[in-house]
Each structure stands twice: as structure tokens, then as C-alpha cells.
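# Notes for the structure review
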Amino acid sequence: AGAFAREALATAGALRELPVALHHIGSTAVPSLVAKPVIDMLALVPAVEELGARADRPTALGYEALGEFGLPGRRYFRKTSREGARTYHLHAY
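Residues numbered from 1 in each chain as written. Predicted model: local features only at pLDDT ≥ 70, side-chain atom pairs only at ≥ 80, totals over all residues. Heavy atoms only, no water.

Now for the overall build of the chain. Summing up its helical and strand segments, the chain has three helices and five strands in all. When its helices and strands are written in sequence order, the chain yields α-β-β-α-α-β-β-β. For 93 residues, the compact-globule estimate of 2.2 N^0.38 gives 12 Å, and the C-alpha radius of gyration of the chain, at 13 Å, lies within 12% of that figure. A principal-axis box enclosing the C-alpha atoms of the chain has dimensions of 35 × 25 × 25 Å. Looking at the chain as a whole, 34% of its 93 residues are labelled buried. Of note, the chain has its 11 positive side-chain charges centred 4 Å away from the centre of its 9 negative side-chain charges. (Helix = DSSP H or I, 4+ residues; strand = E, 2+ residues; numbered from the N terminus. Rg over C-alpha atoms; globule rule 2.2 N^0.38 Å. Buried < 20%, exposed > 50% of the residue type's maximum accessible area, 1.4 Å probe, protein only. Lys, Arg positive; Asp, Glu negative; His and termini not counted. Charge placed at Lys NZ, Arg CZ, Asp CG, Glu CD.)

Another aspect to go through is helix α1 (residues 2–14). Its 13 residues give α1 an end-to-end C-alpha distance of 18 Å, which sits within 8% of 18 Å, the value for a rise of 1.5 Å per residue. Those residues of α1 lying buried are Phe 4, Glu 7, Ala 8, Thr 11 and Ala 14. In an axial view of α1, the angular spread of the buried residues amounts to 125 degrees, which keeps them on one side of the axis. Opposite the buried face of α1, at more than 90 degrees from it, the exposed residues are Arg 6 and Leu 9. In this structure, the buried side of α1 is in contact with β1 (21–25), β2 (39–44), α3 (56–60), β3 (63–65), β4 (75–80) and β5 (86–92). (Expected span 1.5 Å × (residues − 1). Arc of directions from axis to C-beta. Contact = heavy atoms within 4.5 Å.)

With that settled, the discussion passes to the pattern of salt bridges. Within the structure shown, the criterion is met by seven salt bridges. Between Glu 17 and Arg 54 there is a salt bridge, and its shortest N-O distance comes to 3.1 Å. Taken as a pair, Glu 17 in the loop between α1 and β1 and Arg 54 in the loop between α2 (48–52) and α3 lie far apart in primary sequence, 37 residues in all. Note that Asp 56 and Arg 57 form a salt bridge whose closest N and O atoms lie 4.0 Å from each other. A residue is classified by how much of its surface remains accessible, and Arg 57, at 29% relative accessible area, is partly exposed. Linked through salt bridges whose partners overlap, the residues forming this network are Glu 17, Arg 54, Asp 56 and Arg 57. (Salt bridge = Lys/Arg side-chain N within 4 Å of Asp/Glu carboxyl O.)

By themselves, these are just geometric observations and shouldn't be taken as functional.
Dropping the structure here:
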């Protein structure tokens, strides 16, 4: 949970003026489960349009903003390490 906690703290700080609840979801959130090395985070926000208007905040943390990315009503961001490995997915609703 350490990697999630650190990333959630940084993400919440970047979006500090927007009420956001961040949750660790997906396979890495289940102790003892063999999981892909990508941490999935769910962000609950009052309106995804407000997050979309602040897309520069997650991108400043290294995320790529991909809009709805196939799921209407979602804002999706993904983060990749300098070595090219995907590290985080941020799904916002």
C-alpha cells in the first residue's frame, strides 16, 4: 500500500482545490494476490468536467491525460516510468 499511499498523497495535493476521494482498486489492492505491476486508482470527484479543466495538474505529476478513453463519463490518466513501464492508472468519475 506504500506506493498507492504516496501516489494518492501527491495526486490529492495536485488537486487540492477539488474535493477528491482516492481509492486503491484492482489486483494490486488485494493482499497476496498475484497482480500486474500497475496500481489502479479510482478518483471520485464532484464533476469530471472540473477534473478535465484541471488535467494539467495530473500531467504535471507525469500522467498522460486520455479523456474518456472509451468509457463515457470517465476521465482517464495513465503514468509511465522513465524506463517505459506503466506504473499507475487513474480512473476518475
